[in-house]
Amino acid sequence: MAWQMIPTDSSPNCRKNALLTIAGERKMLAFFFRFNPIGEYWTMDVARAETGETLLTGVPLVCGEGAAMDLLHQLSYLAIGRAACVPVSDGLARDRPGETALGTDFELCWEG
């Protein structure tokens, strides 16, 4: 399965929808991104766009390597795939996107 890009930007309390292939089926998911200024990290909530049913809340968008790259590893029982926050700009030393870096220096990728 190929990784799919989730539309993101650094707007405060940003809402985005994405049509994703998960387990061979096309599903529309609703994403809500918020920045925590005290902890200096982004979190995401995910819901089914059609029903509003919440699937995930407060998942921190941090980077990792190997198995630690998968933000949804502990939630595999939900069978909604894998997600990763990936740095896309050269020379980034941070392990997570800053307040203005989501969608520019860091992207959110999903694999169903």
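The coordinates are above.
Residues numbered from 1 in each chain as written. Predicted model: local features only at pLDDT ≥ 70, side-chain atom pairs only at ≥ 80, totals over all residues. Heavy atoms only, no water.

Draft legend 1. Layout of the pattern of salt bridges. Overall, the coordinates contain five salt bridges when judged by the stated rule. Between R48 and E53 there is a salt bridge; the shortest N-O distance is 2.9 Å. Among the salt bridges present, the one from E111 reaches R82, with a minimum N-O distance of 2.6 Å. Taken together, the residues span a long stretch of sequence, with E111 in strand β7 (residues 106-111) and R82 in strand β6 (residues 82-87) at a distance of 29 residues. Taking the relative accessible area as the measure of exposure, R82 reaches 35% and is therefore partly exposed. (Salt bridge = Lys/Arg side-chain N within 4 Å of Asp/Glu carboxyl O. Helix = DSSP H or I, 4+ residues; strand = E, 2+ residues; numbered from the N terminus. Buried < 20%, exposed > 50% of the residue type's maximum accessible area, 1.4 Å probe, protein only.)

Draft legend 2. Region of the structure containing the pairing of strand β5 (residues 54-60). The sheet contact formed by strand β4 (residues 41-48) and β5 spans four bridges and is antiparallel. Looking across to β5, one finds that A47 is bridged to T54. (Pairing = 2+ DSSP bridges.)

Draft legend 3. Here's a closer look at the packing of aromatic side chains. Evaluated as defined, the whole model comprises three aromatic pairs. An aromatic cluster is built from F31, F33 and W110, whose rings are joined through pairwise contacts. (Phe/Tyr/Trp six-rings, centres within 6.5 Å; stacked < 30°, edge-to-face > 60°.)

Draft legend 4. Structural detail: the sheet that holds strand β3 (residues 25-36). Sheet architecture is open: four strands sit in the order β2-β3-β4-β5, paired in antiparallel fashion. What marks the edges here is a single partner per strand, and that holds for β2 (14-22) and β5. With direction set aside, neighbouring strand axes in the sheet form an average angle of 25°. (Axes fitted to C-alpha atoms, helices over the stretch in contact; angles between N-to-C directions.)

Draft legend 5. Up close: the side chain of D45. The topology assignment puts D45 in strand β4. A polar contact is formed between the side chain of D45 and the side chain of R34, at a distance of 2.9 Å. Not counting the four nearest positions on each side in its chain, D45 is found in contact with A30, F31, F32, R34, L56, T57 and G58. (Polar contact = N/O pair within 3.5 Å; in protein donor to acceptor, adjacent residues only side chain to side chain. Contact = heavy atoms within 4.5 Å.)

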